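# Survey of secondary and tertiary structure
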Amino acid sequence: MRVEIDLPVDVLLTRDDLRGLTMTARDIDAAVRAGALVRARQNVYLRGDSDSVAVTAARVGGRATCVSALARAGVFVHPKRNHDVHVHVPVNAGRLRRAGTARVHWSPTMREPREGSPFAEVIDALVHAAECQTPRAFIASVDSALHLRHLHPDDLDELFARLPRRLRRLRGLVDARAESGTETLVRLMLRGLGCRPDCQVQIGGVGRVDLVVDGWLVIECDSRAFHSGWEEQRRDRRRDLALAERGFVVLRVLAEDILFRPEVVLAAVKGLLRAAREARFAHRSGSSRPPHRR
């Protein structure tokens, strides 16, 4: 059995493809038994160490799409929405095989995937993700796809034209400057409060910060990936000191709180905005008494 043949990973292969790689029928059957190949369905194979999402989609009879394909491409999706395998199948597909908790999407696609790819193209995965995510999470996915250059700004009109009419208004909320999905979620939260946050702002002597609100409040969205080590934390604290020297108030929020406890983040932002309003009112009225806190 020649399982040492260098097969491409995460690529759909037919029996003819494998024979073209000098594998005989006996080699193919032996490789399946040994786990070097996975037979997803009749005449469809993948390498044994292929992504489980790709294997599930192939078993169903389609390609992974929606949040499943986006996550595979590194595009932000809300982790609460990323459990089932989402599969696109052609409208004229024959009988499908059931595979665990797979969710099937039938709508026609705009882009033809690369030959043999078990994943839908990002623009089509985004169309499907609009059905399965909240509007804010969907915008975060679009921002992320733009930032990672999986989606070109020229594609936005085509993307939103494919969405239900009620979702097309979200087009104006897209901002490719956002460097993380959690940053987008906080930006949209601030807009919901009537603020006009600016993102990825360059501040002299400090560098770029995630969000600036009303010219005085800096919000940094911290994730474990970039802020877990002591050196990173020291750098962050010194940036905060530099920002304070320049008159900014800094609020650091954890990605896990943005994702799973947004009400706590919202309450903190509201508290700071309320304190600023009360301070401005006290200054105008000439009162020296501290504002009342609930």
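In this report, we go over the structure that sits alongside the text. A quick note: this is a predicted structure, and the numbers were derived from the prediction, not measured.

### Notes on the sheet that holds strand β3 (residues 63-64)
Within the open sheet, the 3 strands sit side by side as β3-β4-β5. Their pairing is mixed. Either end of the sheet is taken by a strand with one partner, and the two such strands are β3 and β5 (103-105). Two elements, strand β4 (residues 86-88) and β5, share 3 bridges in a ladder whose sense is parallel. Considered in β5, the bridge of histidine 88 is made with histidine 105. In the packing of helix α5 (residues 122-132) onto the sheet, contacts are made with β4 and β5, and the angle to β5 comes to roughly 125°.

### Here's the deal with the side chain of aspartate 210
Structurally, aspartate 210 is set in strand β7 (residues 207-213). Buried charged residue aspartate 210 carries no salt bridge. Nearest counter-charge: arginine 239, at 6.5 Å. Reaching out from aspartate 210, the side chain makes a polar contact with the backbone nitrogen of cysteine 221 at a distance of 2.8 Å. Sequence-distant contacts of aspartate 210, that is, excluding residues within four places in its chain, are made with Glu183, Asp198, Cys199, Gln200, Ile219, Glu220 and Cys221.

### Regarding the sheet that holds strand β9 (residues 249-254)
The strands making up a sheet are joined through hydrogen bonds of the backbone, oriented either antiparallel or parallel. Spatial strand order, β6-β7-β8-β9: 4 strands in an open sheet with mixed pairing. A single partner strand is all that each edge strand has here, and the edge strands are β6 (198-203) and β9. Along the sheet, successive strands turn relative to each other by an average axial angle of 45°, direction set aside. Pairing analysis gives 6 bridges linking strand β8 (residues 217-222) to β9, with the strands arranged parallel.

### A look at helix α9 (residues 181-192)
If you check α9, its first and last C-alpha atoms are 17 Å apart, about what 12 residues at 1.5 Å a residue would give, namely 16 Å. For α9, the buried fraction is high: 10 of the 12 residues fall into the buried class. Where α9 is buried, its residues touch α6 (135-147), β6, β7, β8, α12 (255-260) and α13 (262-285). Positive backbone phi, approximately 90°, marks glycine 194, located one or two places after α9.

### Examining the packing of aromatic side chains
Tallying each qualifying case throughout the model produces 1 aromatic pair. Taken together, a centroid distance of 6.0 Å and an interplanar angle of 70° make the contact between phenylalanine 138 and phenylalanine 160 edge-to-face. One end of the pair, phenylalanine 138, is in helix α6; the other, phenylalanine 160, is in helix α7 (residues 156-161), and 22 residues separate them in sequence. Each member of the pair, phenylalanine 138 as well as phenylalanine 160, carries the same accessibility label: buried.

About the thresholds
- Residues numbered from 1 in each chain as written.
- Predicted model: local features only at pLDDT ≥ 70, side-chain atom pairs only at ≥ 80, totals over all residues.
- Heavy atoms only, no water.
- Pairing = 2+ DSSP bridges.
- Helix = DSSP H or I, 4+ residues; strand = E, 2+ residues; numbered from the N terminus.
- Contact = heavy atoms within 4.5 Å.
- Axes fitted to C-alpha atoms, helices over the stretch in contact; angles between N-to-C directions.
- Buried < 20%, exposed > 50% of the residue type's maximum accessible area, 1.4 Å probe, protein only.
- Lys, Arg positive; Asp, Glu negative; His and termini not counted.
- Salt bridge = Lys/Arg side-chain N within 4 Å of Asp/Glu carboxyl O.
- Polar contact = N/O pair within 3.5 Å; in protein donor to acceptor, adjacent residues only side chain to side chain.
- Expected span 1.5 Å × (residues − 1).
- Phe/Tyr/Trp six-rings, centres within 6.5 Å; stacked < 30°, edge-to-face > 60°.

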